[in-house]
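# Structural overview
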Amino acid sequence: MTSTNPAGLDPAARPKRRTFSPEYKLRIVAEYDAAPHNEKGAVLRRERLYHSHVKEWRGARDAGALESLVDKRTSPARPKRSAAEAENERLRRRVERLEKELARNKAALEVMGKASALLEMISEGAD
């Protein structure tokens with residue numbers, strides 16, 4: 001069974017990444033910034049974009065580097081990663097989260113130690 005290609009195009013000849021005009025990029029950034037918080041994802045889904053697109057385009061707009069929007073003219077490519085690299089990245093993020101949690105717990109223990117020392121001083125002074 002052969003599949004028909006209505007456009008008559010070779011699928012391998014299609015570009016790998018979508019190209020966007022600078023005006024389109026600025027319009028999407030403006031729509032995204034104007035959308036209420038709970039509708040921001042809808043703007044991106046409708047255009048099939050990622051948050052990284054908007055961050056990059058907004059950064060170029062805010063920096064006045066509109067020429068970078070003109071020169072690039074393509075969406076950022078998502079790098080291909082092996083399963084091992086993806087797992088390493090996931091574990092690295094988990095370690096970072098645990099280190100932050102450990103730092104918060106240490107700070108809380110210090111505060112609790114100071115509070116117990118103060119309570120002990122108060123109770124000794126009351127005796």
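Residues numbered from 1 in each chain as written. Predicted model: local features only at pLDDT ≥ 70, side-chain atom pairs only at ≥ 80, totals over all residues. Heavy atoms only, no water.

## A look at the overall build of the protein chain
- Counting its secondary structure elements, the protein chain contains five helices and zero strands.
- In sequence order, the secondary structure elements of the protein chain are arranged as α-α-α-α-α.
- When burial is assessed residue by residue, the protein chain has 17% of its 127 residues classed as buried.
- Considering only contacts within the protein chain whose residues lie at least 6 apart along the sequence, 59% involve residues at least 24 apart.
- Accessible surface, the protein chain as shown: approximately 10,500 Å² in total, 57% of it carbon and sulfur. (Helix = DSSP H or I, 4+ residues; strand = E, 2+ residues; numbered from the N terminus. Buried < 20%, exposed > 50% of the residue type's maximum accessible area, 1.4 Å probe, protein only. Contact = heavy atoms within 4.5 Å. Areas by Shrake-Rupley, 256 points an atom, 1.4 Å probe, with all protein chains shown as cover.)

## As for the packing of helix 1 (residues 22-34) against helix 2 (residues 40-47)
- The geometry of helix 1 relative to helix 2 is characterised by a closest axis approach of 8 Å and an angle of 150° between their N-to-C directions. Judged on the interaxial angle alone, helix 2 and helix 1 are roughly antiparallel. Residues Y24, I28, E31, Y32 and D33 of helix 1 pack against K40, V43, L44, R46 and E47 of helix 2.
- Looking at the contact of helix 1 with helix 2, its residues break down into five nonpolar, no polar and five charged. (Axes fitted to C-alpha atoms, helices over the stretch in contact; angles between N-to-C directions. Parallel < 35°, antiparallel > 145°, perpendicular 65-115°, else oblique. Nonpolar A, V, L, I, M, F, W, Y, C, P; charged D, E, K, R; others polar.)

## A look at the environment of L44
- Position of L44 relative to the elements: it lies in helix 2.
- Note on L44: relative accessible area 3%, which makes it buried.
- Sequence separation between L44 and E31 is 13 residues, and the spatial gap between their C-alpha atoms is 9.6 Å.
- In contact with L44, not counting residues within four places along its chain, are Y32, L49, Y50, H51 and V54.

## Quick word on the nonpolar core
- One finds F20, Y24, I28, V29, Y32, A35, V43, L44, L49, V54 and W57 forming the largest nonpolar core, which totals 11 residues.
- Elements represented by at least two residues in this core include exactly helix 1, helix 2 and helix 3 (51-62).
- Considering each element in turn, this core owes the most residues, four residues, to helix 1.
- Leaving out residues up to four positions away in the same chain, V54 has contacts with I28, V29, Y32 and L44. (Core = buried A, V, L, I, M, F, W, Y, C linked by side-chain atoms within 4.5 Å.)

## A few points about a nonpolar patch on the surface
- Side chains of L118, L119, M121 and I122 sit close together on the surface and give an oily, nonpolar patch of about 460 Å² of accessible area.
- Examined against the element boundaries, L119 turns out to sit in helix 5 (residues 83-126).
- Exposure remark for L119: the relative accessible area of 57% places this residue in the exposed category. (Patch = residues over 30% accessible without salt bridge, like charges linked within 9 Å, V, L, I, M, F, W, Y side chains within 5 Å. Salt bridge = Lys/Arg side-chain N within 4 Å of Asp/Glu carboxyl O.)

## Focus on the pattern of salt bridges
- In total, this model carries five salt bridges according to the counting rule given.
- Between E87 and R90 there is a salt bridge, with its nearest N and O atoms 2.6 Å apart. Taken together, the residues E87 and R90, both in helix 5 and three residues apart, mark about one turn of the helix.
- Judged by relative accessible area, R90 falls into the partly exposed class, the value being 43%.

## Details of the confidence of the model for the protein chain
- On average, the protein chain scores 76 in pLDDT, and the residues at 70 or more come to 72%.
- Within the protein chain, no element has a lower average pLDDT than helix 4 (residues 66-72), which sits at 59, and none a higher one than helix 5, at 91. (pLDDT = per-residue confidence, 0-100.)

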